[in-house]
Amino acid sequence: MSRWPKLMLMGGITSALLVYEITSATEAPSQALVILQYVLPGCAPIGPLGSIVMYVQER
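Residues numbered from 1 in each chain as written. Predicted model: local features only at pLDDT ≥ 70, side-chain atom pairs only at ≥ 80, totals over all residues. Heavy atoms only, no water.

*Asks:* Which parts of the structure should I look at to understand the environment of Cys43?
*Replies:* Turning to its location among the elements, Cys43 is positioned in helix 2 (residues 31-43). As a C-alpha pair, Cys43 and Gln57 span 14 residues in sequence and 22 Å in three-dimensional space. (Helix = DSSP H or I, 4+ residues; strand = E, 2+ residues; numbered from the N terminus.)

*Asks:* Can you walk me through the packing of helix 1 (residues 4-23) against helix 3 (residues 46-58) in this structure?
*Replies:* Across the interface, helix 1 lies against helix 3 with an axial gap of 8 Å and an inter-helix angle of 165°. Here helix 1 is positioned roughly antiparallel relative to helix 3, judged by the angle of their axes. Between helix 1 and helix 3 lies a crossing whose hand is left-handed. Contacts between helix 1 and helix 3 involve Trp4, Pro5, Leu7, Met8, Gly11 and Gly12 from the first element and Pro48, Ser51, Ile52, Met54, Tyr55 and Glu58 from the second. (Axes fitted to C-alpha atoms, helices over the stretch in contact; angles between N-to-C directions. Parallel < 35°, antiparallel > 145°, perpendicular 65-115°, else oblique. Left-handed = near helix turned anticlockwise from the far one by under 90°. Contact = heavy atoms within 4.5 Å.)

Now the structure itself:
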């Protein structure tokens with residue numbers, strides 16, 4: 001059984017949670033946290049995309 005579908009799901013959930021955190025913020029975070037909040041969602045799709053590629057190559 002391949003582990004890639006599980007990683008795709010976890011990556012997608014993580015991406016959605018990060019976007020939700022940014023859009024539902026009620027107070028202004030520190031500058032370091034703002035940078036982190038925008039960098040992580042930018043990098044988060046790389047995980048599920050990489051998992052999809054590895055899953056397809058495995059088949």
